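Examination of the molecular architecture
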Amino acid sequence: FNVLLSLLFIISVFAVNMCLFLSGQMTDLLYTEKDLVTSLKDYIRAEESKLEQIKRWAEKLDSLTVTATQDPEGFLGHPVNAFKLMKRLNTEWGDLESLVLRDTTGGFISNLTIQRQHFPTDEDQTGAAKALIRLQDTYRLDANTISTGNLPGVKYKSHMTAEDCFELGKIAYSDADYYHTELWMAQALKQLDEGEESTLDKVTVIDYLSYAIYQQGEMERAMEYTKRLIELDPEHPRGKSNLKYFEFQLEKQKKAAEEEAPKQKEREKRETAEKKKKKKQKKSKKAFSLIPEREKYEMLCRGEGIKMTPRRQSRLFCRYYDNNRNPSLLLAPVKQQDEWDRPYIVRYLDIISDAEIERVKQLAKPRLRRATISNPITGVLETASYRISKSAWLTEYDDPMIEKINDRIEGVTGLEMDTAEELQVANYGVGGQYEPHFDFGRKDEPDAFKELGTGNRIATWLFYMSDVSAGGATVFPDVGAAVWPQKGTAVFWYNLFASGEGDYSTRHAACPVLVGNKWVSNKWIHERGQEWRRPCGLSESE
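Residues numbered from 1 in each chain as written. Predicted model: local features only at pLDDT ≥ 70, side-chain atom pairs only at ≥ 80, totals over all residues. Heavy atoms only, no water.

**Considering the UniProt feature "repeat: TPR" (unreviewed entry) in the protein chain**
Using the residue numbers shown here, the UniProt feature "repeat: TPR" (unreviewed entry) corresponds to residues 203-236. Structurally, residues 203-236 comprises 79% helix and 0% strand, and the distance from its first C-alpha atom to its last is 9 Å. (UniProt positions renumbered as here; feature names shortened; annotations may be inferred. Helix = DSSP H or I, 4+ residues; strand = E, 2+ residues; numbered from the N terminus.)

Below is the structure:
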């Protein structure tokens with residue numbers, strides 16, 4: 001029974017989806033779990049077989065002892081019965097003891113021990129919970145939508161239990177994130193109130209919920225939940241003292257408001273109509289102030305971006321492109337499609353085949369590691385909380401196909417690939433993202449790419465190697481552009497003007513993957529070697 005409980009706990013941990021586990025690793029975990037379930041079933045069958053033998057033995061002896069005890073002397077007067085009693089007690093009960101003590105868990109436990117090395121850690125589980133909360137914020141999903149699994153583009157619905165919701169609330173609580181603590185504790189309580197069977201105690205949930213609400217300054221609501229807590233558990237150690245504290249503070253606030261009321265009325269009388277008018281104008285101006293970048297980023301991720309005017313839209317075209325009669329493109333020009341005008345972003349359709357995508361993924365999977373960013377001060381590569389993905393680097397020495405892909409990028413862009421960085425392959429699982437950033441080094445980052453010795457990143461080429469069911473767009477918050485993943489396509493833009501100055505409108509981000517799995521690969525192209533391919537402009541923004 002204890003072994004069974006242990007396995008159920010482990011399986012519950014396994015059910016957590018972690019954004020830093022790439023899709024291949026998550027698939028491996030599913031098969032690992034399937035193998036463990038098979039081992040568990042074998043163990044259960046062995047236990048059932050053992051219990052069946054014990055049951056048959058018990059039933060046989062029950063019938064025998066009922067008959068024997070009705071007339072013990074007469075029964076034992078038969079020499080065979082006397083012999084069999086001695087045999088049973090001396091031998092057969094010993095055999096039964098061995099059967100009861102026989103350990104059938106060996107195969108299962110050894111398999112579990114082997115597989116445990118691949119299990120997610122507590123850090124992984126916490127990361128998965130934070131990924132869910134991040135998705136909740138970015139895509140404005142309420143807790144009930146996530147809990148019931150009603151997400152856009154889902155193929156396999158998955159419901160969250162009250163315990164799952166409580167676990168999310170606890171993780172938010174440990175980060176002093178009382179807003180999300182309230183949302184998830186309220187969802188857990190809702191499911192319990194609706195009659196969901198659970199070992200979770202309502203009192204515990206309400207205790208967290210009332211405290212989270214209090215921390216957000218809503219004392220009256222916190223007090224209402226505390227009253228409910230006391231109804232359920234009159235002897236709760238904190239309930240009564242919290243209730244007294246809330247009542248005292250609310251009374252104090254009420255008195256302060258009553259004292260302030262006459263003063264406020266006097267101030268309102270002194271305020272002239274002109275002042276009111278100016279105040280109204282000020283509010284109006286504030287309403288039209290610039291939206292913070294974070295909000296713009298999340299709006300674009302939700303598809304609520306700035307819409308181009310019809311005039312600007314009419315200037316975007318699609319065409320067959322041979323890059324000024326490049327020999328490699330003469331017979332098979334590529335399909336080019338304008339995505340945005342300023343900065344100029346183009347998409348190339350059917351630019352990488354399914355076979356090439358699978359080969360690139362196959363080469364990358366064993367090398368995938370937590371993605372890094374270049375520290376703007378030191379130039380050293382390091383991990384960052386705002387970039388959550390796994391990446392690997394591939395060179396032309398790894399496979400002839402990589403050289404072929406590099407040559408294709410060079411043919412289409414007309415830019416030198418010898419000084420470009422290696423092909424970076426990235427995998428974004430559920431919740432994986434890369435918050436707004438520049439690809440190029442700014443003036444206050446003189447050492448950004450010093451170690452490479454190839455100058456700044458002049459341009460970015462980005463392959464989309466998968467479709468994404470929901471989320472995962474590449475967005476440019478400053479200009480309102482959103483480019484959505486489309487398998488087999490690539491997008492390209494210049495990070496620097498022809499003058500060498502950085503184009504700050506290219507600040508972009510990878511939106512969190514809501515449903516599905518996103519594979520991309522990119523090529524960062526550098527300045528050195530482009531002197532004759534992209535001559536320097538005469539003006540700063542040319």
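**A word on the environment of Val491**
As for its position among the elements, Val491 is in strand β15 (residues 489-494). Placed 146 residues apart in sequence, Val491 and Ile345 show a C-alpha to C-alpha distance of 6.8 Å.

**Describing the environment of Glu531**
Along the chain, Glu531 turns up in the segment after β18 (518-526). Classification of Glu531 as partly exposed rests on a relative accessible area of 45%. In this structure, the C-alpha to C-alpha distance between Glu531 and Leu415, residues 116 residues apart in sequence, is 9.7 Å. (Buried < 20%, exposed > 50% of the residue type's maximum accessible area, 1.4 Å probe, protein only.)

**Remarks on the state of the cysteines**
Here the structure, examined in full by the defined rule, presents 1 disulfide. The disulfide partner of Cys301 is Cys511, and the S-S distance across this bridge is 2.0 Å. With the S-S dihedral at roughly -85°, the linkage between Cys301 and Cys511 falls on the left-handed side. Of this pair, Cys301 sits in helix α14 (residues 293-301) while Cys511 is found in the loop between β16 (508-510) and β17 (513-515), placing the two residues 210 residues apart along the sequence. Residue Cys301 is classed as buried on the basis of its relative accessible area, which comes to 2%. Cys511 gets classed as buried once you look at its relative accessible area, which sits at 1%. (Disulfide = S-S within 2.5 Å.)

**Considerations on unusual backbone geometry**
Cis geometry is adopted by the peptide bond preceding Pro343, which originates at Arg342 and carries an omega value of 0°. Along the polypeptide, Pro343 turns up in the loop between β2 (334-340) and β3 (345-349). Phi at Arg140 takes a positive value of approximately 50°, unusual for a residue other than glycine. Mapped onto the secondary structure, Arg140 falls in the loop between α6 (122-138) and α7 (143-148). The exposure class of Arg140 is exposed, given its relative accessible area of 57%.

**Remarks on the nonpolar core**
By size, the foremost hydrophobic cluster in this structure holds 44 residues, and its most contacted members are Tyr139, Trp184, Val205, Val475, Cys511 and Leu514. No other element matches the 6 residues that helix α8 (residues 162-174) contributes to this core. The residues that make up this core include at least three from each of domain 2 (141-253) and domain 3 (294-526). Setting aside its immediate chain neighbours within four residues, Cys511 contacts Tyr139, Tyr297, Cys301, Gly432, Gln433, Gly472, Ala473 and Val475. Within the second largest apolar cluster, 34 residues are counted, among which are Tyr348, Leu415, Leu423 and Phe463. (Core = buried A, V, L, I, M, F, W, Y, C linked by side-chain atoms within 4.5 Å. Domains from an automatic or database assignment. Contact = heavy atoms within 4.5 Å.)

**Let's talk about the side chain of Asn323**
Inspection of the secondary structure puts Asn323 in the loop between β1 (318-321) and β2. Judged by relative accessible area, which is 13%, Asn323 ranks as buried. From its side chain, Asn323 meets the backbone oxygen of Gly411 in a polar contact 2.9 Å long. Setting aside chain neighbours within four positions, we find Asn323 in contact with Leu329, Gly411, Val412, Thr413 and Gly414. (Polar contact = N/O pair within 3.5 Å; in protein donor to acceptor, adjacent residues only side chain to side chain.)

**So, the pattern of salt bridges**
Tallied over the entire structure, the rule returns 31 salt bridges. Residues Lys202 and Asp193 are paired through a salt bridge, measuring 2.9 Å at the closest nitrogen-oxygen approach. Under the relative-accessibility criterion, Lys202 is labelled partly exposed at 28%. Relative accessible area serves as the criterion here: at 39%, Asp193 is assigned to the partly exposed category. As a salt-bridge pair, Glu358 and Lys361 come within 3.7 Å of each other at their nearest N and O atoms. You can see Glu358 and its partner Lys361 sitting in helix α16 (residues 354-364), 3 residues apart, about one turn around the helix. Residues joined in a network through salt bridges with shared partners are Glu182, Glu218 and Arg221. (Salt bridge = Lys/Arg side-chain N within 4 Å of Asp/Glu carboxyl O.)

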